[in-house]
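Per-entry structural report
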Amino acid sequence: DMKVTQMPRYLIKRMGENVLLECGQDMSHETMYWYRQDPGLGLQLIYISYDVDSNSEGDIPKGYRVSRKKREHFSLILDSAKTNQTSVYFCASSLWAAQAPLFGEGTRLSVL
Amino acid sequence: AQSVTQPDARVTVSEGASLQLRCKYSYSGTPYLFWYVQYPRQGLQLLLKYYSGDPVVQGVNGFEAEFIKSNSSFHLRKASVHWSDSAVYFCAVSDNNAGAKLTFGGGTRLTVRP
């Protein structure tokens, strides 16, 4: 079954703590994405990864970094989380860039 | 830079009525275009996509969309909606090169009255 898996699904952190969001896919997709979704703003691209160690900033990369050491795994890291990073984060993957990506179920992050 | 506008934040229709959700994009070349649907507390699911060829594309559950280049539009249509179509719908655009990034509109929340 083609699936993008995100862990955890729900997370509560305090301001200043580090946050690790993880995403996996078993389809050998080259391209993976991290988006955040806020009410009324649609989805905003944080980072895109074209393959292992080949990452590119999206539209809102500030305050985030990513890691992709294996093709099937893409992590989003928030160093010293801020309250304005409270959001729903979606990971997605596609066979190659420009193809319609498959989305995960999302991680709902609250930073208090 | 590419962009997508969905001018209607909320749309309400009666069950059985026809539907059109509007999408306008900004892109200098020939784009790749997508419609996604999001049900509550879920991720986005692909409804349909346009890469090239016939400008009218068919999707899942009776949805279709038409690419009109002269109008920079990719409106989503359905002949007869069902209450289960209530969801948020997103239009997205991508450029067609190796470094493509997918850009989403703000979404349209569809409510279908029984």
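Scroll up a little and you will see the structure.
Residues numbered from 1 in each chain as written. Chains lettered and ligands numbered in written order. Predicted model: local features only at pLDDT ≥ 70, side-chain atom pairs only at ≥ 80, totals over all residues. Heavy atoms only, no water.

**Considerations on the interface of chain A and chain B**
To be explicit about the condition: We call two residues in contact when some of their heavy atoms are within 4.5 Å. Buried area: the sum, over both parts, of the accessible surface (1.4 Å probe) that disappears when the two are put together. Within this document, salt bridges are pairs made up of a side-chain nitrogen of Lys or Arg and a carboxyl oxygen of Asp or Glu, the two lying within 4 Å of each other. Here a polar contact means two N or O atoms within 3.5 Å. Within protein one must be a hydrogen donor candidate and the other an acceptor candidate, and residues neighboring in sequence count only if both atoms are side-chain atoms. Think of it this way: any DSSP run of H or I at least four residues long counts as a helix, any run of E at least two long counts as a strand, and we number them from the N terminus.
With 25 residues of chain A at the contact, the number on the chain B side is 24 residues. Summed over both partners, the interface of chain A with chain B buries about 1,700 Å², with 55% contributed by carbon and sulfur atoms. Across the contact surface, chain A and chain B share zero salt bridges. Inspection of the chain A/chain B interface yields five residue pairs in polar contact (both at pLDDT 80 or more). Only strand E4 (31–38), strand E5 (42–51) and strand E6 (54–57) of chain A provide two or more residues apiece to the side of chain A that touches chain B.

**Considerations on the pattern of salt bridges**
Condition: When a residue's accessible area, from a 1.4 Å probe over protein chains only, is under 20% of the maximum for its type it is buried; when over 50% it is exposed; and in between it is partly exposed.
Applying the stated criterion across every chain, the model contains eight salt bridges over all chains. Close ionic contact of arginine 36 of chain A with aspartate 38 of chain A constitutes a salt bridge, the shortest N to O distance being 2.8 Å. The pair arginine 36 of chain A / aspartate 38 of chain A is uniform in exposure class, with both members buried. Between arginine 77 of chain B and glutamate 64 of chain B there is a salt bridge whose closest N-O contact spans 2.8 Å. Of the two residues, arginine 77 of chain B is situated in strand E9 (residues 73–78) and glutamate 64 of chain B in strand E8 (residues 64–68); the sequence distance between them amounts to 13 residues. Its relative accessible area of 24% is what places arginine 77 of chain B among the partly exposed residues. Linked by salt bridges that have partners in common, Glu64, Glu66 and Arg77 of chain B make up one network.

**Observations concerning the state of the cysteines**
Should the sulfur atoms of two cysteines be covalently bonded, the bond is a disulfide. Stated formally: To count as a disulfide, a pair of cysteine sulfur atoms needs to be within 2.5 Å.
Taken as a whole and assessed by the stated rule, the structure comprises two disulfides over all chains. One disulfide bridge connects cysteine 23 of chain A with cysteine 91 of chain A, the sulfur atoms lying 1.9 Å from each other. In this structure, the disulfide formed by cysteine 23 of chain A and cysteine 91 of chain A twists by about -75° around the S-S bond and is classed as left-handed. Taken as a pair, cysteine 23 of chain A in strand E3 (residues 19–25) and cysteine 91 of chain A in strand E9 (residues 87–94) lie far apart in primary sequence, 68 residues in all. Just as cysteine 23 of chain A is buried, cysteine 91 of chain A falls in that class too. Two residues share a disulfide in this structure: cysteine 23 of chain B and cysteine 91 of chain B, whose sulfurs sit 2.0 Å from each other. Across the S-S bond of cysteine 23 of chain B and cysteine 91 of chain B the torsion is about -65°, and the bridge reads as left-handed. Taken as a pair, cysteine 23 of chain B in the loop between strand E3 (19–21) and strand E4 (24–26) and cysteine 91 of chain B in strand E10 (residues 87–94) lie far apart in primary sequence, 68 residues in all. The buried category is assigned to cysteine 23 of chain B, whose relative accessible area is 0%. For cysteine 91 of chain B, a relative accessible area of 0% translates into the label buried.

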